[in-house]
Each structure stands twice: as structure tokens, then as C-alpha cells.
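# Structural overview
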Amino acid sequence: MPAIAYPAFPEDVPTVPLLVIDYALIKAGDKQEIDRLWKAATELGFWYLKNHGAEDLTDPMFEMGHETMDLPLDEKMKFEQGDGGMSFGYKSTGANAIDESGQKDAVEFINVAKDDVQAWPNHVHRTYPSTVNARMESTIQPFVEKSLEVNSTLLAIFNERLGLPEGALAAQHVRAKQSGSETRVIKSPPQPEIFPDKATLGAHTDFGSLSFLHNRLGGLQVLPPGSDGWKYVKPVPGHAICNLGDAMSIFSGGVLRSNLHRVVAPPKAQKAFTRWSLVFFTRPNDDAVLQPLADQSAMVKDAVDKATPGKYDTKVTSKEWFARRIKNQRVNNRTVSSSGVIAIRAGLSFPALATIGRLGLRPPLPSYGQGPSMSALAQQQQIHNFVPPQAQKQVTLFVGSISGGITDAFLNQLLTACGPVKSFKRLITPANKPQGFGFAEFEDPDSALRAMSLLNNVELPALEDGCVNKKLLIKADEKTKMFLDAYQAQRMKTDADEEATKRSKSRVVELVEEINRTSQEASTNGLLDKEKYVIPPHLHDLQEADLPETQRGLVISEIAQFRERAAKREREKMRDVKQALPAAPSGPKVREWGKPQQGQGVPQPTALGKDAQGYSKPVGFVKAETREEIHGERQLPGKTTKTDEELEAERKEARRRDEESSFRDRERRYEPRERARIQALERSIARDRATKEAEDRDKIEMRQRLDVWDDDESDEPFYTERARWRAARTRRLAAEEAADAESRAFEEREAENLRRESEAFLARQMDEMQALAEEQRKAGMLLDDGAPVKLHVSLAAAVEAAPAKTKAKENAPTLFGNEEEDEEVSRKKKVPLVKLDFSATNNEEKAKERLERIRASVPEDKETLFKSKVRWDGVTDNMIDRKFEPLVKRLMVKYLGELEDDDLVMFVLEHLKDHKSPQKLIEGLEPVLEEEAAELAINVWRQVIFESMAYGEGLHTERMLIA
Ligand SMILES: O=C(O)CCC(=O)C(=O)O
Ligand SMILES: [Fe+2]
């Protein structure tokens, strides 16, 4: 196999400097070199080893690895190590967990037992794939021999430096005795870019005594004591990487260090390549008891005396301990299956460790990867500024992906099964239903950790019509996760913990079974219809995507044409009106918002449309007396202007009516929109049903065809009876064509229906809009080009302040269906009505400039921002879906990382669609985002205000974002 030319290991990534130990010097007894080895072994537990003599033996081992991994998966799976605690054999990708939440690893490897290599062609533990067998003598035996030699040489050095009697460590590692010693070739394929830091092999300490590792590409990382993060170990050609495992740390009472490490994707340019690594693990004899050799060494005794009593005393044999750790890293041994049945991790209690447990220290017990180790604890304890995470801290977890209809009461039970829960909070949707997610605050980290490992991915049945079963998602945010990791690394698991976990598991199983039964009974009794289509709450607008794909183009073009026709009609109408009117004598050409118009002495608070008889008053509700009153007032030309209080009261009243009317308007538009959406959905359901029926028909037809097919002679009528084959083929083609024609006709019928329906719907809506527009226009609320006018703006410049009110009232009757237009109305219409300044809009550059100016003027400080006026008519549901959704999504990812579902995003969008305050948004998000809730709300609100301001100026923001 030709050697691959890998890109060089990058210079600009954080690496840990390892001491380079010359094996030749060690063997020759070089005192200085032995000192350096000792330093490396006691400080970091990792070092490079050169001149080890295995240089030429590694390539053939990698080749064996390639050959093995190239076998078909089902062949490799015949040799899978399984979930029973055996390490030897093939480990498939994803079979091990890399962390407590059960994330799967991304490596596959082949482990060959030292015992099987030595016994070849006989077997001690198991058989291996043909590719392993083929190279047993030529490749594997020489490598294993050399590795054993190197490691036993190093062990002898440690034996001496620990002051142990000669052969003490060797006695724990007897070649002829059975042990967990093995060689391993690991394959890590290139990883997706989106998970640059995801471990392919989880953080762990090696379980055994000594590991002899050969790397070509980077990816191995070490967490050095006292450091602030993971550091790469740079692969150096010809240099092995050696490290100590937990067994040596235990034998030496913690004098020797077994350091935490993991594997991630190779750095930078190397990441495009498949990473291969090769290890030989020397592990103690199966029957060796894992405890400090204190009675044989003063140094070890001294270390043990100084340490917490019993800290390293596992009192289990190497075989037992090893099996437990292997078992514990298997994904299958730690997950709750979707049926709610938890695979029991047999033999995972640790009675002998009770003593250490009581002391509140962490045992060398499994958790993830190959399991954390005592030395990892020791290492942490030696870090000066290491602050042990508090056991009493409350921990809040995100509980998402909750199936519809699952109650808070049930969730509380489920969560409490994992430990004391201080609170479980779920937000309520605008439809007054609980959201699909919530937040559970646990009294202590252990309960939270149990919930993460026991409840994540548990499938709960949907208890509501039209809902699907979902798998729970239990997640900690970044900060909490860091805390929990640190807590766990420090935490000592005791028998009591194991018991608690067991109890929790069985309670969870019980609850899940119970709820499944309830759901089952409900559907059997017809109380639950999961097939029923329920309109999802987020469908607030008829979206393109809501329309059936086959008819989407048609409907959209219909809508466009309809709009075009309507606009044309509208333009023609307005032209007629204008032509009928004499030119405005002195009306301002361009109006400026918010400023009194030319010729106006004072603002006219009772301008048309804001008057008691303004546009907002429904036609039918106008009482005769009111008219009388108006006419009466008209006959009193000398009436003086109102007092300030009266004006203010009127202003207030007008504002209230504005709001009421805008609400009614919204309500009015909402209904047909909802109707249309429901119709679209119903059509889509009907179409799906029809398709399904057509498919079923086809199936039946096909079966019938096959039934009549005379194939007694041969499966291949093509060869035996060409005439019959042709006839059959013709029949089939004809049937297919007929089916096609039928489905085309069906589609056409559907399209025609849809076209008619959309036409009718749009006509209805247009009528409504026209009626409204008419009202508004009469009230002076609408421009001749159909653009809305700001309500607070006073009208007709020529109309004088004082009589204006009276005149407005005079006009009032005409607003309500009185056909004859009096002079005042004519005058009002003569004024070129209210004209938006479109000259800038036409000029793209200017519009952009204005938008930029608006953008720069959107307040940044919370207080001013939240007080700014929102123009919800400019922030439509459609815009919220189109523009705010990606924005909110991005923000969520920024604060919480990738989320499995969009519940939180939906929550924000619905909040906007409900026109709720930013303060409420912060309150809603605080349980998840804590102080970042305000930051997110400000970001979102700045966009809302930006849109509002732009809308107020008649500008389209298009895709422009505030930030
Ligand atoms: O692949 C590597 O570099 C390290 C592998 C490792 O740590 C292990 O298999 O225990
Ligand atoms: Fe390792």
C-alpha cells in the first residue's frame, strides 16, 4: 500500500509539548533519560518515545486495519464486540457513547487480544475477520511482541523508581497470563465541518497500564493539568506516543499520572483525510486486584497515606473492572429505548467502592469514553485554582420535543423520577396550549444528570388528535453543560448513586409504560385520532408553501392577475374621480409627515376621520339624532372653538377609535384568510387521500394482473412466449396510460376547483377591501393611489382651523352612504389628497440612503427602543415568517447552539404575531436564555422598529436587516 502524503500538522493550533524519550537510552540504563521519563510519567503521563524498534512494524498493521475496515459491514459485524463487556473484536461506528447524554462516537476499530495473538492458530477469547487471521503471523505477532517488550521495559523502570521490589509490576503483567492487553487499529473518517470540536472518540483515561500509540494525523488531544483547554498532540514521524493508564495510577497510589485525552477531527488541512491510529494497550492480568502496592513500596505507601483513605482501593479484579467500563461505554447499555424499556446495565454496581464513595471522591468508574479515572481526579485536585463544583447547585435543563397532549403533571412525575425538581415551567402558546418545550429546575446536579441520561430520547405518545409521538430532548445550555461536566469529573459515584439511578430507571420505565397504555386505550376507544389533521399553530398566513405543489404556480399567477386587474380598476376609478373635480387651488404638492401643512394655522385635532363621525363609525350605527345634531350644529356658524380639555378628550376618544377600528380591520381580514388556509389544507388532504386511493387501486390492479399472468412455465414470458409477453405489455401500458389520464383529469379538476375558489376568495376579499378603502377614502384616510394615510395627519390644507371641525361634521353624513357629495367633500378631494413622497422611492439610491438613515436612527438602548412606536401594519405575519424567522433562528443558534426543533423560534415569532410587548418576550425567554433573553429581545425589537419606521416613510426594507 503506497504511503499517503498527508498535509503537515498545522503550526498554529494549540499543542502540548511532550518530552521526547529515547528508548535506546532507557534500555541502556541512561540515568538522565530515566529521570526525564519519570518526570513525564509523574507530571503529564504522556511522552514521545523514539528509537523504540517498532518503526517498521506499524505500516503493515495499518494495512491490516485498512483491509479489515474495507470488509463489508455485515462481515465486520459478525465480529462485533457486543454489549457484554468484551473489548476484543470489531467495534462499529457509533456503538460507544462519547458523553453522558449518549452522543455516539464516530470511529470504528478492530481490537485483537494479546492472548489470541499468542495462542494463534488457537483462540483464547474469540475469532477474528479473515483479514486479521491472514496477517496474524506476518504482521500482528511481530508488532504485539515488540510492543510488549517496550512496555515491559518501561514498567521495569517505573517499578524501580517507585521503589517496588524487583518484578512487582511484572507480576501484575505476566505475558502468559490472560489479560485485557490488546492491539487496536482505529479508523476515523473525515467529519462534517459543522462539528469541528465534536469528539470522535470521547474524553477518557486509558483503563490499562501503558499505551503505545502510533499516529500519522493530528486529532489526539490532551487536557493537561491546570490548562485552560484541550491541546493537540502533534504526531512526529517515527515517534510513538506513550501514556499511562488508570491501573498504573492505582498501583502507584497516584504517583503516576493517567491523563484525560480524546480524539477530534484532524486539524485544518488534515481534516479532509481519514485518520488512522494504532495502539497497543498493556493491561494487568485478569486476576490482578486493582489497589495500590503500598505494602511493597514506601513511596506508594506514603502517597496513599497522604491521599484520602481508600481513594485508590478498588478491590475489584482487573477483568471485572475492565468489563464494566467496556460495557458502560456501549450506547446500548445506557439508553432508554423508544418503547420505554431501558436496557439494564448488568453488573454495573460497584459494591467494593462504597468506601471511596462515602468519602465523596470520584472512583475510577465508568461514565463515558473509557470512563473517567481516579488520576483525572487527582490531577484536578492538584490544580491550584480548581474549585470543586457545588453539589447543591440547582440546575435548569431544557425539556423539548414534548408530544402533544402530554401534561405538565405527567412531565413532573417523569422528571421527579430522576430526582427532586424545584419547578417545571412551560410556556403557553397563543392558542392557550402548552408549548412543546419547557424548563425543569432540578434541586441538584445529580438529578439533572440522571434526567439527561435517562429521559433523553424517550419517546412519549401523543395524546392529542393530529399529533405525532415525539422523543424527549433534554438539554443543558453551554454554561450548564460546562458546570455539569466539571461536576461529573469531580463527582464520586457511590453504591447509593447506583441504587438511585436504578430506582429512577425503573420508575421512568413504569411511567412510560403507563402513558403508552393510556394512549393505546384512548385510540382503541376512539378517543384519540392521530390521523386527524390539525392546523398547526404556526400557520398564520396562507403561504406559498401551504398550497399544493402541483397547483402553486396556477394559484400564484391567478392571484397576481387578479391583483393586476383590481389595481387597474382602482386606477381607472380614481382617474374618473379626478377628472370630475376641478384642480386644487392651493394644496400642498408634497406633504411632510407630522408637520402642519402649508396654510394651516394650527393643527386640526378634529380633522376628518378622527371625528366622532369619522370613517371608523360603521354605517348602520349612525343614529338619526346624530345627523340631526350635526345639522343643528351646522346652523350655528358662530360657535366658538372647544376648550383644550375638550380637545384633549376628543383626541383620546379618536385614538381609542383608531385602535378599535384597526383591530376590527385585522379581525375582518383574519377570517377569510383563515378560511382560505383551511380550504387549502383540506384540499391538500383530499388530494393526498386521492393519491393514496389511486395507489391502492394500482396495487390491486397489479395483483390482479399478476394473478391472471400465466407463468407456470417460466418467470420470463419474454423468452418463452413473445406474443403473450407483448400482449401483457400492451395491457400494462394501456392500464398505466389510463391511470395517468385519470390522475391528470383529477389534477385538472382540482386545479379548476382551486382556481374558482381562489378567484371567489380573492373577490370576496377585494370587495371587503374596497368597501373599507371606500370608507377610508371618504374619511380622508386613503390616498388616490391606495396607500394608507397616517391617522394623526390633518388634512385639507385650505380648510381653516376653526370651521374645519364643523365642516368635518357637515361631511359626516356623506361618509355613510349619502351619495350626494357636497362642496366640502369636493374640496377635500380636490386637494391632491395626501401624497406620499414617492420620488425618493422611485430613486433607488435615495431610498437606500433614507433606509440607511432610518437604520442608523433606530434606538439601541433598551428603554428608548421599547418605547418606540411599532407599526404592526408594517410588520405583517408574512414578513415575520419570511424575514424574522431566519433572524430569530440565527440568534437562537448564537445563544443556544443548534436546536433540534424550532419551538423556541416559533415562540418568538408567535409573540410578534400577537403584537405582544418586548418586555413580555424577555420574560418568556428568560428561563432559557437568562440574561441573554434581553439581548435577543433587543436585537429582534430593533428590527421591528426599523421595519415600523421604514413603513411609516413608505419605504420597503426588502431584505435589509438592522444588524
Ligand atoms: O487515536 C488516538 O490517537 C488515541 C486513541 C485512544 O486514546 C484510545 O484508543 O484509547
Ligand atoms: Fe486512549
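Residue numbers here run from 1 along each chain, matching the order of that chain's written sequence. Chains and ligands are labelled by the order in which they are written, letters from A for the one and numbers from 1 for the other. Only residues with pLDDT of at least 70 are given local features in this predicted model, and only at 80 or more are side-chain atom pairs given and counted; all residues enter the totals for whole chains, interfaces and linings. Only hydrogens and water are removed before side-chain values are computed, so all heavy atoms of the structure are retained for them.

An unreviewed UniProt entry lists the chain under the name PWI domain-containing protein, with Dentipellis fragilis as the source organism. UniProt, in the comment section headed Sequence similarities (unreviewed entry), describes the chain in these words: "Belongs to the alkB family." UniProt positions are given in the numbering used here, feature names are shortened, and annotations may be inferred rather than shown by experiment.

### As for the overall build of the chain
A helix here means a DSSP run of H or I that spans at least four residues, while a strand means a run of E at least two residues long, and both kinds are numbered starting from the N terminus. Of the regular secondary structure elements, the chain holds 31 helices and 18 strands. Remark: exposure states derive from per-residue accessible area (1.4 Å probe, protein chains only) relative to the maximum for the residue type, with buried under 20%, exposed over 50%, and partly exposed in between. The 963 residues of the chain split such that 50% are buried. Within the chain, residue pairs in contact and separated by at least 24 positions form 77% of the contacts whose partners lie at least 6 positions apart. Element-wise, carbon and sulfur atoms account for 52% of the exposed surface of the chain, whose accessible area totals about 46,600 Å². Contacts between residues were defined by any pair of non-hydrogen atoms, one from each residue, lying within 4.5 Å. Under the convention used here, a 1.4 Å probe and the Shrake-Rupley method define accessible areas, while residue burial counts only the protein chains that appear.

### As for the sheet that holds strand β15 (residues 434-442)
Pairing between two strands is assigned when DSSP locates at least 2 bridges connecting them. In spatial order, the strands read β14-β15-β13-β18; together these 4 strands make up an open sheet with antiparallel pairing. Edge positions in the sheet fall to β14 (421-428) and β18 (473-475), since each has one partner strand and no second. Averaged over all pairs of adjacent strands, the angle between their axes in this sheet comes to 25 degrees, without regard to strand direction. Where strand β13 (residues 395-400) meets β18, 3 bridges bridge the pair, whose relative direction is antiparallel. Note that in β18 the partner of Val399 across the bridge is Ile474. With axes taken as lines fitted to C-alpha atoms, and helix axes fitted only over the stretch in contact, angles between N-to-C directions fall between 0 and 180 degrees. Running over the sheet, helix α14 (residues 408-416) touches β13, β14 and β15 and is turned about 145 degrees from β14.

### Details of the sheet that holds strand β12 (residues 275-282)
Strand pairing within a sheet occurs via backbone hydrogen bonds; the two strands may be parallel or antiparallel. Ordered in space as β1-β2-β10-β7-β12-β5-β4-β3, the 8 strands form an open sheet in which the pairing is mixed. Looking along the sheet, the strands with just one partner apiece sit at the ends: β1 (20-22) and β3 (89-91). Neighbouring strand axes in the sheet, compared pairwise and without regard to direction, differ in orientation by 25 degrees on average. Contacts between helix α3 (residues 55-69) and the sheet are confined to β3, β4 (108-113), β5 (182-188), β7 (210-215) and β12, with β12 contributing the most and set at about 115 degrees to the helix. On the sheet, helix α7 (residues 136-161) packs against β2 (46-50), β4, β5, β7, β10 (240-244) and β12 and is oriented at approximately 55 degrees with respect to β12.

### Some remarks on the side chain of Gln221
Locating Gln221 in the fold gives a position in strand β8 (residues 220-222). Its relative accessible area of 5% is what places Gln221 among the buried residues. Setting aside residues no more than four positions away along its own chain, Gln221 makes contact with Trp230, Lys231, Tyr232, Leu260, His261, Arg262 and Val264.

### Structural notes on the site of ligand 1
Proximity is defined per residue: if any heavy atom of the residue lies within 4 Å of a molecule or strand, that residue is considered near it. Taken together, 14 residues form the shell around ligand 1, and within it Arg184, His204, His261, Arg275 and Ser277 come nearest. In the analysis that follows, any N or O atom pair within 3.5 Å is treated as a polar contact, provided that within protein one partner can donate a hydrogen and the other can accept it, and provided that, for residues neighboring in sequence, both atoms belong to side chains. In this structure, Asp206 approaches ligand 1 through a side-chain N or O atom, which is 3.1 Å from an oxygen atom. Within the side chain of Ser277, one N or O atom sits 2.7 Å away from an oxygen atom of ligand 1. The protein chains hide 98% of the 290 Å² of surface that ligand 1 would expose on its own. Mapped by element, the contributors of at least two residues to the shell around ligand 1 are β5, β6 (199-204), β7, β11 (261-264) and β12.

### Remarks on the pattern of salt bridges
Between Lys or Arg on one side and Asp or Glu on the other, a salt bridge is scored when a side-chain nitrogen of the former is within 4 Å of a carboxyl oxygen of the latter. On inspection of all chains with the given rule, the structure shows 42 salt bridges. In this structure, Arg324 engages Glu320 in a salt bridge whose closest nitrogen and oxygen atoms are separated by 2.9 Å. With Arg324 and Glu320 both in helix α11 (residues 318-329), this residue pair falls 4 residues apart, about one helical turn. By sharing partners, the salt bridges in this structure join Lys27, Lys146 and Glu149 into a single network.

### Section: the packing of aromatic side chains
Here a pair means two rings of Phe, Tyr or Trp (six-membered ring of Trp) with centres within 6.5 Å. Their orientation is stacked below 30 degrees between planes, edge-to-face above 60, and tilted elsewhere. All chains considered together, the criterion is met by 11 aromatic pairs. When the ring of Phe207 is compared with that of Trp321, the centres are 5.2 Å apart and the planes differ by 70 degrees; the resulting orientation is edge-to-face. Placement of Phe207 in the loop between β6 and β7 and of Trp321 in helix α11 is noted, with a sequence separation of 114 residues between them. For Phe207, a relative accessible area of 1% gives the class buried. Seen from their ring centres, Trp872 and Trp941 are 5.9 Å apart, and the 75 degrees between their planes marks the pair as edge-to-face.

### Notes on the coordination of the iron ion (ligand 2)
Protein coordination of the iron ion (ligand 2) is provided by His204 (NE2), Asp206 (OD) and His261 (NE2), with donor distances spanning 2.1 to 2.2 Å. Between the donor residues of the iron ion (ligand 2), the gaps in sequence give the motif H-x1-D-x54-H. With a gap of 57 residues between them, His204 in strand β6 and His261 in strand β11 connect regions that are remote in the sequence. Owing to a relative accessible area of 3%, His204 belongs among the buried residues under this scheme. Coordination partners: N, O, S within 2.8 Å of the metal, 3.2 Å for Na, K and Ca; water not considered, so apparent gaps in a site are possible.

### Brief notes about the nonpolar core
With 66 residues, the main nonpolar core has Trp47, Leu49, Leu154, Phe158 and Leu169 as its most contacted residues. A per-element tally of this core places α7 first, with 10 residues. Not counting residues within four places of it along the chain, the set of residues in contact with Leu49 comprises Ile21, Tyr23, Val150, Leu154, Phe212, Gly238, His239, Ala240 and Cys242. In plain words, nonpolar cores are sets of buried Ala, Val, Leu, Ile, Met, Phe, Trp, Tyr and Cys residues tied together by side-chain atoms within 4.5 Å. Residues Val908, Ile922, Leu936 and Ile962 belong to the second largest nonpolar core, which totals 50 residues.

### Observations concerning the packing of α14 against helix α17 (residues 495-524)
Two numbers describe how α14 lies on α17: the axes approach to 9 Å, and their chain directions differ by 155 degrees. Classified by the angle their axes make, α14 and α17 are roughly antiparallel. Each of Phe410, Gln413 and Leu414 in α14 lies in contact with α17, whose residues at this interface are Arg507, Val508, Leu511, Val512 and Ile515. Lys, Arg, Asp and Glu make up the charged group, whereas Ala, Val, Leu, Ile, Met, Phe, Trp, Tyr, Cys and Pro make up the nonpolar group; the residues left over, Gly among them, are polar. Partitioning the contact of α14 with α17 into residue classes produces 6 nonpolar, 1 polar and 1 charged. Any angle that falls under 35 degrees is termed roughly parallel, while one over 145 is termed roughly antiparallel, one within 65 to 115 roughly perpendicular, and all others oblique.

### Topic: the packing of helix α15 (residues 445-455) against α17
The axes of two packed helices give the description: the angle between them and the distance between them. In contact at an axis separation of 11 Å, α15 and α17 are set at 45 degrees when each is read in the N-to-C sense. Taken together, the axes of α15 and α17 lie oblique to each other. Note that α15 runs across α17; the crossing there is right-handed. Counting all contacts with α15, which are made through Arg450, Leu454 and Leu455, the residues of α17 involved are Asp497, Ala500, Thr501, Ser504, Lys505 and Val508. For the contact of α15 with α17, the residue count by class is 4 nonpolar, 2 polar and 3 charged. Crossing handedness: left-handed means the near helix sits turned counterclockwise from the far one by under a right angle, and right-handed means the same turn made clockwise.

### Topic: the confidence of the model for the chain
The quantity known as pLDDT measures the predictor's confidence residue by residue, on a range of 0 to 100. With 66% of its residues at a pLDDT of at least 70, the chain reaches an overall mean of 75. Taken as a whole, residues 531-542 scores under 50 in pLDDT and shows 30 contacts with residues more than four places along the chain or in a different chain. The low-confidence segment residues 782-841 (pLDDT under 50) makes 135 contacts with residues lying over four places distant or belonging to another chain. The ipTM assigned to the predicted complex is 0.99, against a pTM of 0.45.

### Focus: unusual backbone geometry
The omega torsion of the bond from Trp120 to Pro121 falls at 5 degrees, within 30 degrees of zero and hence cis. Secondary-structure assignment places Pro121 in the loop between α5 (114-119) and α6 (130-134). At Asn51, a position not held by glycine, the phi torsion is positive, near 55 degrees. By secondary structure assignment, the location of Asn51 is in the loop between β2 and α3. With a phi close to 55 degrees, His915 is a non-glycine residue in the positive phi region. For His915, the location among the structural elements is in the loop between α29 (903-913) and α30 (918-929). The class for His915 is partly exposed, based on a relative accessible area of 22%.

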